[in-house]
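Geometric and topological summary
As a plain string of letters, each chain reads:
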Amino acid sequence: MSPPILIKTIEKDLVVVGGGGSGIYPAIRLRDDFKKSVLIVEQKGRLGGHSENYTDPATGGATTTS
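Notes on the structure in this doc start here. This one's a predicted model, so the numbers in the text were calculated from it and none came from an experiment.

Structural notes on the environment of T55
The topology assignment puts T55 in strand β3 (residues 53–55). Those residues in contact with T55 that sit more than four places away from it in its chain are G60, G61 and A62.

Okay, here's the thing in structure tokens:
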């Protein structure tokens, strides 16, 4: 007889699929403005979607993610 399969359940008000800007922004707004618990599911090992680099307008310094 096989051992029972244990399933861990995560309870949230909302699940957002995709950690790019279009997913992160509403997730933060729903959390902050409406006090909802949010889970973001992202395929990559980081959030940000296609935002691979950023230039700080104040310093001109560039940041690249990989």
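What to know about the pairing of strand β2 (residues 38–41)
Looking at chain direction, strand β1 (residues 14–17) and β2 are connected through four bridges and run parallel. In the strand pairing of β2, V15 is matched with L39. In the classification by handedness, the crossover that spans β1, the intervening helix α1 (residues 21–34) and the parallel β2 is right-handed.

Describing a nonpolar patch on the surface
Where nonpolar side chains cluster on the molecular surface, the patch consists of V15, V17 and V41 and spans about 290 Å² of accessible area. For V41, a relative accessible area of 41% gives the class partly exposed.

Cut-offs used in this document
- Residues numbered from 1 in each chain as written.
- Predicted model: local features only at pLDDT ≥ 70, side-chain atom pairs only at ≥ 80, totals over all residues.
- Heavy atoms only, no water.
- Helix = DSSP H or I, 4+ residues; strand = E, 2+ residues; numbered from the N terminus.
- Contact = heavy atoms within 4.5 Å.
- Pairing = 2+ DSSP bridges.
- Right-handed = clockwise from strand over helix to strand, strands pointing away.
- Patch = residues over 30% accessible without salt bridge, like charges linked within 9 Å, V, L, I, M, F, W, Y side chains within 5 Å.
- Areas by Shrake-Rupley, 256 points an atom, 1.4 Å probe, with all protein chains shown as cover.
- Salt bridge = Lys/Arg side-chain N within 4 Å of Asp/Glu carboxyl O.
- Buried < 20%, exposed > 50% of the residue type's maximum accessible area, 1.4 Å probe, protein only.

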